[in-house]
Each structure stands twice: as structure tokens, then as C-alpha cells.
Amino acid sequence: MATEITVGIAGAAGDGLDRVGDTLARAAARLGLSVFTYNSYQSLIRGGHTWLRLRIGEKKVTNHGDRLDVLIVLNQDSIERHVPEVAPGGAVLFNSKLDCDPDLLPKGVRAVPLPVADLTKDLGRLPPVMQNTAALGALLHLAGLDVEVAAEILHETFRHKGEEVIRQNVGTLRAGYDHAVKTEKPLDFKWKFSRKRRPVVTGNQMIALGAAAAGCKLYSAYPMSPASSILHWLAAHSEKTGVVVKQAEDELAVVNMAIGAGHAGVRAMCATSGGGFALMTEAIGMAGMIEAPVVVVNVMRGGPSTGLPTKTEQGDLNQAFGASQGDFPRVIVAPRDAEDCYEATVEAFNIAEEFQLPVILLSDLYLAEHRSTIDADSVSHDVRIERGEWVTKDAGNGRFRRFRLTKSGISPRARPGTPGLMFVAGTDEHDERGILVSDEHTNAAIRRKMQEKRMRKMDEVLKRLPAPKLEGPAKAKVTLVGWGSTHGVLEEAAALLADEGIAANRLHLKYLYPFHGRKVRDILSKCKRTIVVEANYAGQLARHLRAETGIEPRHVVTRYDGEPLDPGYVVQRVKDCVAGRKQDLKVQKAEAREMAYHYIRIHLHDEARPARVTKGAKGDHGEPVFEVDLVSRKGKEPRGRLVIGRETGAIHAYEEQGA
């Protein structure tokens with residue numbers, strides 16, 4: 001069995017989780033291991049709670065998993081919140097100045113206190129944040145990873161800050177490592193390192209790289225999480241890639257710039273999240289009407305409104321279907337992993353230009369921001385560029401028909417300003433030359449044939465797009481149906497279900513519009529039990545399946561709390577479906593504890609922590625409750641009792657018990 005470890009790093013914003021996580025991920029990647037990271041963070045520069053998971057394996061890992069082997073905690077809050085999650089045989093690493101209550105440690109989990117101040121006293125005055133580097137050094141010993149590779153990465157990371165900073169960081173890493181070698185036995189991880197270097201990338205980076213490879217020459221954007229890092233990457237590499245990057249004043253300007261560039265013959269892209277996409281929708285319809293190619297990326301986050309800026313969700317599928325008013329040709333594509341982000345972006349540009357229409361790429365925070373390793377050989381810079389039909393000179397009559405009615409629906413395209421090829425690109429309905437038929441020249445027959453011409457493109461696009469295929473055993477008890485970033489989670493969930501005697505196969509949908517309705521109907525009509533799995537409340541893909549195929553999924557498994565789906569969650573929900581058990585939507589014990597932490601931060605100035613959580617009587621509250629006993633952080637003296645409704649989640653009462 002291939003070796004695998006999941007490491008959790010918890011602390012506050014400003015504690016350097018990203019830096020230590022980056023170092024660990026890159027070190028593992030240089031050893032030839034596969035890496036997948038997920039960072040659950042808040043919209044804060046300092047403070048709050050940040051939770052980073054790194055899953056590392058000899059075989060390819062495709063999601064962040066649902067197990068925790070080793071935990072690095074950087075503050076007291078994180079000890080209390082995450083120590084109970086560590087699996088038997090694991091370890092918890094922490095600065096010895098913190099208090100790790102033995103009662104919190106699960107059976108078989110080792111506490112590893114690190115006297116950071118003593119270990120680093122010979123390195124000069126160090127900022128407190130560097131406790132993370134000492135913990136990383138100790139982790140490398142416990143996990144059996146190569147400290148020299150990590151030291152090499154720190155040297156590269158801090159080269160621009162000078163030799164003294166390098167000395168302090170590498171020295172702190174070695175101090176933590178040497179201390180662990182002297183005091184702790186390694187955990188039971190036996191690795192086979194190929195030492196084949198693997199790039200560590202994010203989905204957003206691969207979208208940006210794919211755009212550059214596809215010949216994008218204009219990228220316009222207004223910063224909006226979680227799409228902003230596409231802007232950051234392209235701005236940093238603008239000169240090398242030849243992409244003009246423009247940060248506009250708002251999303252209205254952003255999308256109109258990109259459409260204008262496409263109209264002028266330049267490959268262009270813009271990206272945003274759901275709120276920004278809402279502002280772009282009328283212009284996307286304009287691109288459909290004037291038949292201008294453009295690629296629009298929506299990196300979804302929790303909604304509606306401002307919603308959850310730093311949390312993931314697949315909640316904008318309906319928004320993409322309904323982008324702008326009326327019927328117009330558009331393509332909607334949902335890449336499934338980082339490598340697919342690259343390929344789908346290249347494909348999006350080709351489709352946009354060949355068929356002269358807007359292409360919407362639907363990503364989400366989980367796919368966009370998580371870091372994972374890829375095989376460098378799987379990404380080629382030498383991609384196929386398809387620009388469609390162009391007219392470069394006047395045919396002689398001076399009456400260029402830009403919107404000529406053709407059997408394919410695709411009309412000849414010319415760059416504005418080409419001699420003899422003048423035309424009007426009106427956003428009103430128009431005839432073949434672009435002359436409006438929306439006012440005194442209203443003509444129902446022209447409108448009908450022009451609308452039919454535009455929509456005929458969709459038949460041609462569908463022929464171009466690969467049809468989905470059933471993955472896994474042909475005869476299975478359940479069929480998991482998903483889209484976009486859930487691919488890796490569902491792949492692992494199917495394998496885990498098979499281990500438990502439930503044969504499962506998968507149908508993953510990348511091309512959402514136009515849709516291979518007939519093919520999908522043929523596949524699903526032969527499946528015994530169809531379960532749609534997606535990260536939104538309403539089951540938007542399930543609704544789309546009903547509309548396109550007439551098939552009603554047997555079950556819909558959703559998650560909408562801002563956190564990504566994980567294999568264990570999917571497995572449990574599928575088992576419930578098979579057994580006929582309804583989902584329990586009552587507040588769970590762990591959720592009651594999280595609600596208590598929120599109350600403590602807001603109302604008690606972070607000076608308490610939840611201790612015991614017990615089920616209480618219905619009483620005067622009209623519903624069953626959890627009673628959460630709160631104690632002081634340091635002395636553990638009673639502070640009060642919080643009463644939380646198990647059905648509604650309401651805070652019914654806080655009973656003060658101490659000063």
C-alpha cells in the first residue's frame with residue numbers, strides 16, 4: 001500500500017501558515033510525491049482562525065481528504081479546536097509555551113512540545129512567527145521527509161532578503177529538526193522517493209497559463225476573491241507572456257473591455273466571482289448578439305450577495321444559464337482539476353473564436369486556490385490555435401455581410417477598419433449587414449432567421465464537445481453524478497464505497513451548455529440508483545439534468561456550509577441514501593462547539609472556550625437544545641453556559657457563571 005500523510009496547520013492570519021505550507025508542499029513535490037492542499041481562511045490580515053491541510057502521497061492525491069495524521073498548532077485556540085481530530089498513531093506539534101490539555105488528545109496521539117525560544121536562542125532575535133519553521137523542522141523528522149530539500153527551498157524563498165534572513169530561517173528549521181531527532185521517534189511513514197520534481201500549482205495559475213498559451217492578448221479584471229490571483233499572475237508575467245493586463249474601475253468596464261477586444265480581433269479574457277458576474281451579464285448577452293468572442297471566468301464562492309468571500313460553493317450554475325436576457329449562444333464549461341483548468345482555458349478560446357460567442361468557465365474557490373502537484377509533461381505550450389473564418393479583403397461589391405445567414409450559423413468575420421469591409425455591430429437585432437431591424441425597419445422574418453442562425457451554432461458546438469463517459473464498473477449499485485471541482489472527491493468516494501461492498505460508478509459532467517442530453521439520458525436510464533453530488537443548496541445540476549434529460553435523480557447530496565465536499569462526507573451520505581435514512585439537519589455536537597466559538601469571539605472577547613457540550617431538555621425554548629459549558633482559557637474556571645437550539649441553531653440564552 002502506498003504511503004500517505006495528511007498534515008494540518010492551524011493558527012491565526014499572520015502566523016505564517018501559507019509560508020510553512022508552501023515550503024512543505026514544494027519539498028514533498030521535489031521528492032517526487034503528490035500533494036494536494038486546502039486552506040480554510042477568513043477575510044482578515046491578522047487574527048481569526050486559519051486552517052490549512054496538506055495531503056501528501058506516493059500515488060496521486062486528488063483532494064484534501066478527511067483524515068488528519070499530524071497537526072501543527074500555532075496558537076491556543078487551534079489546540080482546542082483541532083487536537084481532537086488527529087487520528088490514532090499521529091502527533092500534535094506545538095510551542096511549549098502553549099497549553100495542550102492531555103484530556104484533548106485522542107488515544108494513541110503523541111504530544112510534541114517544542115521549546116522554540118531555547119532552540120533558537122543562538123540565532124539572534126527572531127520574530128514570533130518563526131515558531132512555524134521550527135515546527136516544520138520537527139514535522140520533517142516525524143514524517144520521514146528530507147530536511148535538506150526543505151532547507152534548499154527556504155534558501156530560494158528568502159534569497160532576496162539577504163544572507164542573514166536565510167541563516168535565521170534555515171537555522172530555525174534545523175533546530176526544530178535536530179530537537180525532534182533527539183527527543184522523538186519517527187512516525188510510521190516509509191517513503192519511496194522518486195525525486196522527480198513536480199510543479200505545485202493552483203487552478204487559477206493554470207487558467208492564467210492556459211490563457212497565455214492560447215494567445216490571449218488582453219486580460220481585464222477588477223479584483224474579487226477568489227478570482228484575484230489570475231490577475232496577480234498575469235500582471236506579474238505580462239511582459240514575458242505578451243498579455244496586456246488592465247485593472248478597470250468595475251466589472252461593467254471589465255467585461256466590455258474584453259468584448260471590445262474580441263470584436264476587434266484580439267483574444268481576450270476577464271474573470272470575477274458571482275457578484276461581479278452579475279454585473280457582467282447584460283454585456284455577455286451583447287457578445288452573443290454581436291457575435292464577439294470572449295472568455296469569461298466565474299470563480300464561484302458562497303453566495304448570495306457578498307456571501308462568503310473566502311469559502312467555496314458551486315452555487316452559480318443557474319446564474320450562468322441565465323446570464324443576460326433572451327436566448328443567445330454561449331458555452332459553459334466546468335474544469336475538474338488544475339490540469340483541466342489549463343486545457344479547458346485553451347479550448348475556451350478556440351471555441352469562442354471559431355463559433356464567435358462568449359464562453360463561460362465555471363471554477364470555484366476550492367479548485368482555484370488549492371495547491372496541487374501536476375506532471376510537467378502533461379502540460380504542453382504547443383497548443384492548437386483555431387481562430388475560425390476570417391475575411392481579409394473586399395469581395396468587390398463593398399457590401400460586406402458580417403452577419404451572413406449561413407447553414408452553420410457561423411458568419412464571416414473581419415477586423416474593424418479593414419478597407420471595404422465596413423459593417424455595423426449593433427446590439428439591437430439586425431440584418432446580415434448589421435442594419436437594425438428593431439425600430440422603423442422592424443422585420444419579423446429577418447428577426448426569426450437571424451435568431452435561428454445564431455442558435456444553429458450550438459448544434460455545431462455540441463458536435464465538437466466530447467460526450468461524457470461512465471467511469472467505473474458498468475453494473476454498479478449506485479452512480480455518482482457530479483460536475484466541476486468535485487471530480488477527485490467522487491473518484492475517491494467511489495473507491496471507498498467499493499471497499500465497503502457498495503459498487504459505485506461515476507458520471508462527471510464538464511460541458512454543461514450545450515448539453516449532451518441524449519447521451520446522458522442513455523447512460524442514466526441504465527443506472528440502478530443515481531445520486532447527484534454538488535456543493536450548493538438547491539441541487540442545481542440535478543435540476544439541469546431533469547430539464548435536459550427528463551430523468552429525476554433518485555437522490556441529491558449537497559453541501560452548502562462553505563467547506564468543500566470530502567470523500568468521507570460523500571460516503572456517509574450515499575450510505576444513508578442506500579439505507580433509506582434521511583439527512584439529519586439538526587445542529588451536530590461539533591457544530592454547536594463552533595457556534596460557541598463564534599459567540600465567544602464576538603461577545604466574550606475571546607477569553608473563554610467551550611468545554612463540555614451536552615444535550616439539554618426542550619424546556620421553554622420550543623426545541624431540543626445543546627448546553628455548552630464555557631470555561632476561562634487559562635484557569636478553566638466556569639464562565640457560563642450557552643444554550644443553542646438543535647433544530648434552528650438559535651442562541652436561546654447565555655447564563656453567566658463567573659467573572
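Residues numbered from 1 in each chain as written. Predicted model: local features only at pLDDT ≥ 70, side-chain atom pairs only at ≥ 80, totals over all residues. Heavy atoms only, no water.

**Concerning the sheet that holds strand 18 (residues 511–513)**
Read across the sheet, 7 strands follow the order 9-8-10-11-13-12-18 without closing on themselves; strand pairing throughout is mixed. Edge strands, defined here as strands with exactly one partner in the open sheet, are strand 9 (244–247) and strand 18. Each strand axis lies, on average, 20° off the axis of its neighbour in the sheet, ignoring direction. Here strand 12 (residues 331–333) runs beside strand 18; their pairing, made up of 2 bridges, is antiparallel. (Pairing = 2+ DSSP bridges. Helix = DSSP H or I, 4+ residues; strand = E, 2+ residues; numbered from the N terminus. Axes fitted to C-alpha atoms, helices over the stretch in contact; angles between N-to-C directions.)

**Description of the packing of aromatic side chains**
Pairs of aromatic rings are described using the distance from one ring centre to the other and the angle between the two planes. Per the counting criterion, the structure on display carries 8 aromatic pairs. When the centroid spacing of 5.8 Å and the interplanar angle of 70° are considered together, the rings of Phe 400 and Phe 423 count as edge-to-face. A residue pair is termed long-range when its members are at least 10 positions apart, and Phe 400 in the loop between strand 14 (371–373) and helix 15 (444–464) and Phe 423 in the loop between strand 14 and helix 15 qualify at 23 residues. Taking the relative accessible area as the measure of exposure, Phe 400 reaches 7% and is therefore buried. Classification of Phe 423 as buried rests on a relative accessible area of 16%. Three or more aromatic residues joined by ring pairs form one cluster here, namely Phe 36, Tyr 38 and Tyr 366. In this structure, Arg 330 packs its charged tip against the face of Phe 328, placed 4.0 Å from the ring centre. A cation sits over an aromatic face here: Arg 415 above Trp 390, 4.3 Å from the ring centre. (Phe/Tyr/Trp six-rings, centres within 6.5 Å; stacked < 30°, edge-to-face > 60°. Buried < 20%, exposed > 50% of the residue type's maximum accessible area, 1.4 Å probe, protein only. Lys NZ or Arg CZ within 6 Å of the ring centre and 35° of its normal.)

**Quick word on helix 13 (residues 338–355)**
Given a rise of 1.5 Å per residue, 18 residues ought to cover 26 Å, and the 26 Å separating the end C-alpha atoms of helix 13 matches this to within 8%. Burial runs high along helix 13: 16 of the 18 residues are buried. Where helix 13 begins, the capping side chain belongs to Asp 337, and its oxygen is found 3.3 Å from the backbone nitrogen of Glu 339. Gln 356, located one to two residues past helix 13, shows a positive phi value of around 55°. (Expected span 1.5 Å × (residues − 1). Polar contact = N/O pair within 3.5 Å; in protein donor to acceptor, adjacent residues only side chain to side chain.)

**Observations regarding the sheet that holds strand 23 (residues 638–645)**
In a beta sheet, neighbouring strands pair by backbone hydrogen bonds and run either parallel or antiparallel. Judged by pairing direction, the sheet is antiparallel, and its 4 strands sit side by side in the order 21-22-23-24 without closing on themselves. Since the sheet does not close on itself, it has two edges, and those belong to strand 21 (608–616) and strand 24 (651–656), each with one partner. Strand-to-strand twist in this sheet, taken as the mean axis angle between neighbours without regard to direction, amounts to 20°.

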